[in-house]
Amino acid sequence: MLALRLFGKEDLKLEKVGEPTLEEPGAILRVRATSICATDIKAYTTGARTKIPITLGHEFSGEIVDASREYADYIGKRVVVNPNIFCGKCEYCLSGEHVLCPNRYAIGIDVDGSFAEYLKIPDQAFRVGGVQEIPGNLSYEEASLAEPLSACYRGQRKLGIGLGDTVAIIGAGPIGIMHLKLAKAAGASKVIISEVDERRARVAEELGVDHVVNPMKEDLEKRVMELTGGRGVDAVIVAVGVAQAQKDALRIVAKGGGINFFAGLPAGKEEVPINTNLIHYKQITVLGTSMQTPFEFKRTLEILAQGVVDLKPLITHRYALTDGITAFQTSMKAEGLKVIINP
Ligand SMILES: [Zn+2]
Ligand SMILES: [Zn+2]
């Protein structure tokens, strides 16, 4: 079968590899849709992966075509799989905070992923509820976006965004736009996006943001204060891995508000001088989230199936796996939002 494999820094090749086989309990997925993520791009530009070569891809859906006896019922079913595989036994998993599981590994990050025709679904994915049937009305492509959307859903639940809140999102990439859609669906009264790229700013406007601010051209703090009656926003989501954005968040959040550092900073750039008095005197909550629990993943599928948010406008490019390299280049140019490969 064909697979798009990373051999090191900026070394991606479309290769013929053997199809996965079932020696132990689990199932074989025929991948139908898989989306390119910033994490894949980061792996490409840094070559930093524990396993090399590796087939990238962790946002995917498909059809179960073979399974061991335990999962025979799944054969022929359309499914979407949480790429994060949790142990289900540690104290974090037992408490429902699977994302903190020290035994976690991820498909497409630690083991071969979905930029391939077939993919092995391990037994453990089934055991922790990571394999979900795709609701009838949902396409494979939309279902493949359940992974990033569920991470955003977790991020907003932890912030407690609700009816009437004002929200600022820093960064209008695919993740920033997913946050916009979720915040609007949660009842946010006003969503402000900070974005330096004019093209992305326009897309955010088309997709329903209330205000866009370009922090290179305008004073972000001044603008946010104008838009919120001098109060600041109830919640800030930092959806770019930029230190300045984290510092900006502390200035634009309202007293008693919350901030989610949703994007990690690049290796070696994690130390950021911040005015901690802003946290103290404004009595702000600063938190971080990444990934999603099996519960959040399942909930997100319902959000998509019930049309609470519509991610179809985010799918801007589609490619066959044979054009996988071109798909990657398109995603890196950040011209559109989500680039989907249909193997
Ligand atoms: Zn991702
Ligand atoms: Zn665990």
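As the structure is a computational prediction, the values presented were derived from the model and not from experiment.

The rules behind each value
- Residues numbered from 1 in each chain as written.
- Chains lettered and ligands numbered in written order.
- Predicted model: local features only at pLDDT ≥ 70, side-chain atom pairs only at ≥ 80, totals over all residues.
- Heavy atoms only, no water.
- Helix = DSSP H or I, 4+ residues; strand = E, 2+ residues; numbered from the N terminus.
- Rg over C-alpha atoms; globule rule 2.2 N^0.38 Å.
- Buried < 20%, exposed > 50% of the residue type's maximum accessible area, 1.4 Å probe, protein only.
- Domains from an automatic or database assignment.
- Contact = heavy atoms within 4.5 Å.
- Buried area = accessible area lost by both parts, 1.4 Å probe.
- Salt bridge = Lys/Arg side-chain N within 4 Å of Asp/Glu carboxyl O.
- Polar contact = N/O pair within 3.5 Å; in protein donor to acceptor, adjacent residues only side chain to side chain.
- Nonpolar A, V, L, I, M, F, W, Y, C, P; charged D, E, K, R; others polar.
- Donors = N, O, S within 2.8 Å, 3.2 Å for Na, K, Ca; no water.
- Tetrahedral: all angles 85-135°; square planar, octahedral: opposite > 155°, others 65-115°.
- Pairing = 2+ DSSP bridges.
- Axes fitted to C-alpha atoms, helices over the stretch in contact; angles between N-to-C directions.
- Right-handed = clockwise from strand over helix to strand, strands pointing away.
- Core = buried A, V, L, I, M, F, W, Y, C linked by side-chain atoms within 4.5 Å.

### A look at the overall build of the protein chain
Phase 1: The secondary structure content of the protein chain amounts to 12 helices and 18 strands.
Phase 2: At 20 Å, the protein chain has a C-alpha radius of gyration in line with the 20 Å of a compact globule built from 343 residues.
Phase 3: Seen along its three principal axes, the alpha-carbon backbone of the protein chain occupies a region of about 60 × 40 × 40 Å.
Phase 4: Here the protein chain holds 343 residues, and the buried ones make up 54% of them.

### Describing the domain arrangement of the protein chain
Phase 1: Domain boundaries assigned for the protein chain yield domain 1 (2–145 + 311–342) and domain 2 (153–287).
Phase 2: The straight-line distance from the C-alpha centre of domain 1 to that of domain 2 is 29 Å.
Phase 3: Counting residues at the interface gives 12 residues for domain 1 and 12 residues for domain 2.
Phase 4: Summed over the three residues of domain 1 that lose the most area to domain 2, namely Leu-314, Ala-334 and Leu-337, the buried surface amounts to 43% of that side.
Phase 5: Here domain 1 is connected to domain 2 by two salt bridges.
Phase 6: Put simply, Arg-154 and Glu-97 hold a salt bridge, and the shortest N to O gap is 2.9 Å.
Phase 7: Linking domain 1 to domain 2 there are two residue pairs in polar contact (both at pLDDT 80 or more).
Phase 8: Grouping the constituent residues of the side of domain 1 that touches domain 2 by class yields seven nonpolar, one polar and four charged.

### Points about the coordination of the zinc ion (ligand 2)
Phase 1: Surrounding the zinc ion (ligand 2) are the protein donor atoms Cys-87 (SG), Cys-90 (SG), Cys-93 (SG) and Cys-101 (SG), at 2.3 to 2.4 Å.
Phase 2: In this structure, the zinc ion (ligand 2) is coordinated by four donor atoms arranged in tetrahedral fashion, with angles at the metal of 104 to 117°.
Phase 3: Written as a sequence motif, the donor arrangement for the zinc ion (ligand 2) is C-x2-C-x2-C-x7-C. Placement of Cys-87 in the loop between β7 (84–85) and α2 (91–94) and of Cys-101 in the loop between α2 and β8 (105–106) is noted, with a sequence separation of 14 residues between them.

### Comments concerning the sheet that holds strand β11 (residues 166–170)
Phase 1: Spatially, the six strands line up as an open sheet ordered β13-β12-β11-β14-β15-β16, and their pairing is parallel. Each end of this open sheet is capped by a strand with a single partner; those strands are β13 (211–213) and β16 (285–287). Direction aside, neighbouring strands of the sheet carry axes that sit 15° apart on average.
Phase 2: Two strands pair when backbone bridges link them, and β11 and strand β14 (residues 233–238) are joined in this way by four bridges, in the parallel orientation. Across the sheet, Val-167 pairs through a bridge with Ala-235, a residue of β14.

### Observations regarding the pairing of strand β17 (residues 315–320)
Phase 1: Here β17 pairs with strand β18 (residues 338–342) via five bridges, running parallel. Residue pairing in the sheet places Ala-320 in a bridge with Asn-342 of β18.
Phase 2: After leaving β17, the chain enters helix α12 (residues 324–333) and then returns to the sheet as β18, a path that is right-handed.

### Section: the coordination of the zinc ion (ligand 1)
Phase 1: For the zinc ion (ligand 1), the full set of protein donor atoms is Cys-37 (SG), His-58 (NE2) and Glu-59 (OE), and the range of their distances to it is 2.1 to 2.3 Å.
Phase 2: Between consecutive donors of the zinc ion (ligand 1), the numbers of intervening residues give the motif C-x20-H-E. Accessibility classification places His-58 together with Glu-59 in one group, the buried group.

### Some details on the nonpolar core
Phase 1: Counting 45 residues, the largest nonpolar core has Val-167, Ile-169, Ile-177, Leu-180, Val-191 and Leu-311 as its most contacted members.
Phase 2: Residue assignment for this core shows that the elements contributing at least two residues are α4 (140–144), α5 (146–159), β11, α6 (174–185), β12 (190–194), α7 (198–206), β14 and α11 (294–305).
Phase 3: Of the domains in this structure, domain 1 (2–145 + 311–342) and domain 2 (153–287) are the two that each give at least three residues to this core.

### Here we look at the sheet that holds strand β2 (residues 11–16)
Phase 1: Taken together, three strands build an open sheet; the order of strands is β2-β1-β4 and the sheet is antiparallel. The sheet is open, and its two edges are formed by β2 and β4 (54–55), each paired on a single side.
Phase 2: Direction of pairing for strand β1 (residues 2–8) relative to β4: antiparallel, over a ladder of two bridges. Residue pairing in the sheet places Arg-5 in a bridge with Thr-55 of β4.
Phase 3: Lying over the sheet, α12 contacts β1 and β2, oriented at roughly 150° with respect to β2.

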